[in-house]
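# Architecture at a glance
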Amino acid sequence: DRKSKPLWVLISEAGKKVCVIGCTLTYPPDSVNGCIVSGLGTPIRRGFPLKCQFAFPSALMGEIEERVGRYLIGLDVYPKKISEGLKHKISQLVDYRIKVNRYFFENYYSDFNFYFFGETDLAFHLFWDDKDFNYSLYERIDSFIGELLRKEDANIILMSDHGFAKKERMFFVDRWLESENFLT
């Protein structure tokens, strides 16, 4: 329900090339001068996209699977199954996201590249008190950003959509709707 064009569409319409990887609410992907791989908001099952076109151009879906493995959007998180094992899965997802973003940086470097790491958001919301875990994620992402900065003409904007605080309670609307048989 976007009310205006996203930045990458405006940049594309201005004749520049764009590469947007994993950004929230980019499904279905816009037709742009370049490529888009959608992120959170893409229909998924067990973290993987359902049979849908989650990338533009569509041939990119097969390329991703061939070069970096099956594309993983995110993790299914169940409130009653938040455990130490979930930390390992988040950590693996950060490594996977770095691998995917590195592939696009090396093969689709454009006038505007956008790489999204939602795993830090998940980690802080679920494991606020484990600073060592959270900092380890940031250290790996920072190292990847260092790789980007080594490119002579790279300009980087690093941003977050909000700060963090400890959560006392979590409510997953989608899980509740499912448990009440409002989803099929």
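On a predicted model such as this, the values are computed, not experimentally measured, just so you know. (Residues numbered from 1 in each chain as written. Predicted model: local features only at pLDDT ≥ 70, side-chain atom pairs only at ≥ 80, totals over all residues. Heavy atoms only, no water.)

### What about the packing of helix α2 (residues 60-68) against helix α3 (residues 84-107)?
Cut-off, in case you're wondering: Only the stretch in contact is used when fitting a helix axis, every axis being a line fitted to C-alpha atoms; angles between N-to-C directions are given from 0 to 180 degrees. What counts as a helix is a DSSP run of H or I of at least four residues, what counts as a strand is a run of E of at least two, and both are numbered from the N terminus. For any helix crossing, the convention is left-handed if the near helix is rotated counterclockwise from the far helix by under a right angle, and right-handed if that rotation is clockwise. Any two residues having at least one pair of non-hydrogen atoms within 4.5 Å are treated as being in contact. Side-chain classes are defined by residue name, with Ala, Val, Leu, Ile, Met, Phe, Trp, Tyr, Cys and Pro counting as nonpolar, Asp, Glu, Lys and Arg as charged, and the others, Gly among them, as polar.
Interhelical geometry of α2 versus α3 gives an angle of 120° and a closest axis separation of 11 Å. The handedness of the crossing between α2 and α3 is right-handed. Residues Leu60, Glu63, Ile64, Arg67 and Val68 of α2 form the contact with α3, whose own contacting residues are Tyr96, Lys99, Val100, Tyr103 and Phe104. Counted by class, the contact of α2 with α3 contains seven nonpolar, no polar and three charged residues.

### Observations concerning the side chain of Lys87
As for its position among the elements, Lys87 is in helix α3. The residues touching Lys87, leaving out its near neighbours within four places in the chain, are Phe127, Asp130 and Phe133.

### Side note on a nonpolar patch on the surface
Test applied: Put simply, a patch holds well-exposed residues, over 30% relative accessible area, that have no salt bridge, with like charges counted together within 9 Å and Val, Leu, Ile, Met, Phe, Trp or Tyr side chains within 5 Å. For every accessible area listed, the method is Shrake-Rupley and the probe measures 1.4 Å; residues are considered covered only by the protein chains on display. For salt bridges, the criterion is a side-chain nitrogen of Lys or Arg within 4 Å of an Asp or Glu carboxyl oxygen.
Together, Phe171, Val173, Trp176 and Phe182 make up an exposed nonpolar region whose accessible area comes to about 450 Å². If you trace the backbone, Phe182 turns up in the segment after α6 (173-179).

### Digging into the sheet that holds strand β6 (residues 112-115)
Our working definition: What makes two strands pair is DSSP finding at least two bridges between them.
Reading across from one edge, β5-β2-β1-β6 is the order of the four strands in this open sheet, with mixed pairing throughout. In the strand order of this sheet, the two ends are held by β5 (55-56) and β6, each with one partner.

### Regarding the side chain of Asp30
What counts here: Here the term buried applies to any residue with accessible area under 20% of the maximum for its type, exposed to any over 50%, and partly exposed to those in between, with areas from a 1.4 Å probe on protein chains only.
Turning to its location among the elements, Asp30 is positioned in the loop between β1 (18-21) and β2 (34-37). Judged by relative accessible area, which is 15%, Asp30 ranks as buried. Dropping the residues within four chain positions of it, Asp30 is found in contact with Arg2, Pro6, Trp8, Val9, Ile36 and Phe56.

### Considerations on the packing of aromatic side chains
The geometry of two aromatic rings is summed up by the distance between their centres and the angle between their planes. Applied cut-off: In summary, the pairing rule links any two rings of Phe, Tyr or Trp, Trp by its six-membered ring, whose centres are within 6.5 Å, and it sorts them by plane angle into stacked for under 30 degrees, edge-to-face for over 60 and tilted for everything else.
All chains considered together, the criterion is met by 14 aromatic pairs. Both rings, one in Tyr103 and one in Tyr108, keep their centres 6.4 Å apart while their planes meet at 55°; by these two values the pair is tilted. Residue classification places Tyr103 among the buried positions, given a relative accessible area of 10%. Where Phe112 meets Phe114, the ring centres are 6.4 Å apart and the plane angle is 40°; that geometry is what we call tilted.

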